[in-house]
Amino acid sequence: MTWEELNFLCLNCTKCQLRKGRHNLVFGAGVRDADVMLVGEGPGETEDREGVPFVGRAGQLLDVMLEIVGLSRDKNCYITNIVKCRPPENRDPTDEEQQACIDWLRQQIELVKPKIIVCLGRIAARELIGKEFKISVSHGGIFDRNDIKYMALYHPSALLRDESKRPETFLDLKKLHRLILDVCPWVLQ
Ligand code: URA
Ligand code: SF4
């Protein structure tokens, strides 16, 4: 499957009810052969309007977080979400919706071939690292799955709601920086 084929199939996907309420598909953005991939939950209002992941308030905070680590979507990472269409009223995507959409993400992962995947928030961590994942306990930890290193961070929306989580996230970002230096140091050169 090529990127163009995948994008076309995803654009025309009607596998779940989220298709009905969305304005734009939010497929993904960034560098298509990046070694670091970030996966959020699903598009919000701004993302749905623009068709681009993480461009609203949470996205602006994510860009600051990426900068701390030496990452940027223009240069060295790829960003997408578990579901590609906006859930109404920004509710969490249901299990059915996540299962309907996950194949698109799996195909994206096959194309990007990342060395490191950063899960943004509980929904992505439970889908990609483990069903019982507790974000408050295991954020910042490193998990091996199929030759890829996974780390989960608090979702930037959670950091906007609760600033007390920010110092821990700063430490997690330092761990992520070290992990990149360990696994794929050329990313930061
Ligand atoms: N929150 C997400 O999880 N993803 C986005 O693209 C924007 C906000
Ligand atoms: Fe298809 Fe995913 Fe959109 Fe559901 S959210 S319609 S599975 S692309």
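Above this note sits the structure.
As a starting point, this report considers the structure included with it. (Residues numbered from 1 in each chain as written. Chains lettered and ligands numbered in written order. Predicted model: local features only at pLDDT ≥ 70, side-chain atom pairs only at ≥ 80, totals over all residues. Heavy atoms only, no water.)

### Let's talk about the site of ligand 2
In the vicinity of ligand 2, the contacting residues are Cys13, Lys15, Cys16, Leu18, Arg19, Lys84, Cys85, Ala100, Cys101 and Trp104. The element that contributes the greatest number of residues to the shell around ligand 2 is helix α5 (residues 95-112), accounting for 3 residues. For the shell around ligand 2, a count of residues per class yields 7 nonpolar, no polar and 3 charged. (Near = heavy atom within 4 Å. Helix = DSSP H or I, 4+ residues; strand = E, 2+ residues; numbered from the N terminus. Nonpolar A, V, L, I, M, F, W, Y, C, P; charged D, E, K, R; others polar.)

### Here's the deal with the side chain of glutamate 97
Looking at the element boundaries, glutamate 97 is found in helix α5. Reaching out from glutamate 97, the side chain makes a polar contact with the side chain of arginine 91 at a distance of 2.8 Å. Each residue touching glutamate 97, except ones within four places of it in the same chain, is listed here: Cys16, Gln17, Leu18, Val83 and Arg91. (Polar contact = N/O pair within 3.5 Å; in protein donor to acceptor, adjacent residues only side chain to side chain. Contact = heavy atoms within 4.5 Å.)

### Considering the site of ligand 1
Residues in contact with ligand 1, as listed here, are Gly40, Glu41, Gly42, Glu47, Pro53, Phe54, Asn81 and His155. Here a nitrogen atom of ligand 1 sits 3.0 Å away from a polar atom, N or O, in the main chain of glycine 42. Measuring from a nitrogen atom of ligand 1, one finds a side-chain N or O atom of asparagine 81 at 2.8 Å. Considered on its own, ligand 1 offers 240 Å² of accessible surface; in the complex 93% of this is hidden by protein. Class assignment of the residues belonging to the shell around ligand 1 gives a composition of 2 nonpolar, 4 polar and 2 charged. (Areas by Shrake-Rupley, 256 points an atom, 1.4 Å probe, with all protein chains shown as cover.)

### Here's the deal with helix α1 (residues 3-11)
Here α1 has its buried residues at Trp3, Leu6 and Cys10. The buried residues of α1 occupy an angular sector of 65° when the element is viewed end-on, so they sit on one face. Among the exposed residues of α1, those pointing more than 90 degrees away from its buried face are Glu4 and Phe8. Those residues of α1 that are buried are in contact with β3 (77-81) and α5. (Buried < 20%, exposed > 50% of the residue type's maximum accessible area, 1.4 Å probe, protein only. Arc of directions from axis to C-beta.)

### Notes on unusual backbone geometry
One non-glycine residue, lysine 113, lies in positive phi territory at about 50°. Mapping lysine 113 onto the fold places it in the loop between α5 and β4 (116-120). Of note in this structure, aspartate 147 is not a glycine but carries a positive phi near 65°.

### Section: the state of the cysteines
Evaluated as defined, the whole model comprises 0 disulfides. There is no disulfide at cysteine 10, and the cysteine sulfur nearest it, in cysteine 101, is 5.8 Å away. Using a relative accessible area of 1% as the deciding quantity, one classes cysteine 10 as buried. With no disulfide of its own, cysteine 119 has cysteine 77 as its nearest cysteine by sulfur position, at a separation of 14 Å. According to the relative accessible area criterion, cysteine 119 is buried, its value standing at 0%. (Disulfide = S-S within 2.5 Å.)

### Let's talk about the sheet that holds strand β2 (residues 36-40)
Pairing within the open sheet is mixed, and its 6 strands lie in the order β1-β3-β2-β4-β6-β5. The two strands at the open ends of the sheet, each matched to only one other strand, are β1 (29-30) and β5 (143-145). Pairing of β2 with β3, which is carried by 5 bridges, proceeds in the parallel orientation. Residue valine 36 lies in a different strand from β3, and its bridge partner there is cysteine 77. (Pairing = 2+ DSSP bridges.)

### A short note on the packing of helix α4 (residues 57-69) against helix α9 (residues 166-183)
Their axes nearest at 9 Å, the elements α4 and α9 cross at an angle of 45°. Considered as vectors, α4 and α9 are oriented oblique to each other. The way α4 lies across α9 gives a crossing that is right-handed. Of the residues in α9, those touching α4 at Leu61, Met65, Ile68 and Val69 are Arg166, Thr169, Phe170, Leu173, Leu176, His177 and Ile180. (Axes fitted to C-alpha atoms, helices over the stretch in contact; angles between N-to-C directions. Parallel < 35°, antiparallel > 145°, perpendicular 65-115°, else oblique. Left-handed = near helix turned anticlockwise from the far one by under 90°.)

### Some remarks on the packing of α1 against α5
Running from N to C, α1 and α5 cross one another at 165°; their axes reach a closest spacing of 11 Å. Here α5 runs roughly antiparallel to α1, going by the angle between their axes. Where α1 crosses over α5, the two elements pack in a sense that is left-handed. Between α1 and α5, the contacting residues are Trp3, Leu6, Leu9 and Cys10 on the first element and Trp104, Gln107, Gln108, Leu111 and Val112 on the second. Among the residues making up the contact of α1 with α5, the classes are represented as 7 nonpolar, 2 polar and no charged.

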